[in-house]
Amino acid sequence: MNVYEMDGMSLRFIRRPVEDDFRREYAPLFLAAYNEIYRLICTRFYQGVERETVSLDNEALADVRSLAKPMIRLLKVYTGGDRAVSNVDRYDSDRVRIPGYAGQEVVFLYQYMPPMLQNPHPAFLIEPENEDDTNVPVIPEAYHLALPLYAAHTWMHAQEKFSEANFYYQRAMAVAGELSAVSGYGGVDAGKTPLTVDWLM
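A short tour of the structure in this document, coming up. Because the structure is a prediction, the values reported are computed rather than measured.

Cut-off values and rules
Residues numbered from 1 in each chain as written. Predicted model: local features only at pLDDT ≥ 70, side-chain atom pairs only at ≥ 80, totals over all residues. Heavy atoms only, no water. Phe/Tyr/Trp six-rings, centres within 6.5 Å; stacked < 30°, edge-to-face > 60°. Buried < 20%, exposed > 50% of the residue type's maximum accessible area, 1.4 Å probe, protein only. Lys NZ or Arg CZ within 6 Å of the ring centre and 35° of its normal. Pairing = 2+ DSSP bridges. Helix = DSSP H or I, 4+ residues; strand = E, 2+ residues; numbered from the N terminus.

### Overview of the packing of aromatic side chains
Consideration 1: The final tally for this structure, using the stated rule, is 7 aromatic pairs.
Consideration 2: Their ring planes at 75 degrees and their centres at 5.2 Å tell us that Phe167 and Tyr168 sit as a pair that is edge-to-face.
Consideration 3: What makes Tyr168 buried here is its relative accessible area of 9%.
Consideration 4: Taken together, Phe22, Tyr26, Phe30, Tyr34 and Trp155 form an aromatic cluster joined through their ring pairs.
Consideration 5: Its guanidinium or amino end placed over the ring of Tyr4, Arg23 lies 3.7 Å from that ring's centre, counting from NZ or CZ.
Consideration 6: Above the plane of the ring of Tyr78 lies Arg51, whose end atom (NZ or CZ) is 5.1 Å from the centre.

Here it is, written out as structure tokens:
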């Protein structure tokens, strides 16, 4: 489900017509709500996993800022033949060291933060021509529902409709929480996170 489709669902949840005027009015609030819960989901409930070849320098260091995606956790390091490396150290806030592999290529398997969602049309009125990770969540589609549910919660709360806001919040968090059961995504044990780095949105 892309952002345009989520906007339509969010409008139905707050009992507004799915029409251009309402899309234009509510889309900015909806988008902010989608990204709020999406960031929570991608740090707490779901692992987006990337596998990337990294060249180590002559001190066996790699700078995580040069990775293709913003890293949340380094899950595994592999050398040639897919042999896992157990000795991985944090050198400083931005670099890791893999002793014994100076000047070599290794493979990082890491959890990453996907880009925040966007609605590319300035008036929010046209469905995206191309779907990618900037307008479709990377989480399994069955769980996209959490985002419009949370958008409905956000709007209801702003309107001081607290009972309905709580209803939509509970539903959104229930859907998001189900992602915790999607274990081993990408062949990774979610409990094994030998390195966590700080990142900024």
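Resuming the write-up.
### Details of the sheet that holds strand E6 (residues 95-97)
Strand pairing in a sheet is mediated by backbone hydrogen bonds. Such pairs are either parallel or antiparallel.
Consideration 1: Strand order in this open sheet of 3 strands is E2-E6-E5, and the pairing throughout is antiparallel. Only two strands of the sheet have a single neighbouring strand rather than two, namely strand E2 (61-63) and strand E5 (89-90).
Consideration 2: As paired elements, E2 and E6 share 3 bridges and run antiparallel to each other. In the strand pairing of E6, Asp63 is matched with Arg95.

### Considering unusual backbone geometry
Consideration 1: We note that Ala60 has phi near 65 degrees; this positive angle belongs to a residue other than glycine.
Consideration 2: The exposure class assigned to Ala60 is buried, which follows from its relative accessible area of 4%.
Consideration 3: Of note in this structure, Glu160 is not a glycine but carries a positive phi near 60 degrees.
Consideration 4: When you line up the elements, Glu160 lands in the loop between helix H3 (146-158) and helix H4 (162-178).

### Here we look at the environment of Asn130
Consideration 1: Considering the arrangement of structural elements, one finds Asn130 in the loop between strand E7 (105-112) and H3.
Consideration 2: By relative accessible area, which is 57% here, Asn130 ends up exposed.
Consideration 3: Between the C-alpha atom of Asn130 and that of Asn2, which follows or precedes it by 128 residues, the distance is 9.8 Å.

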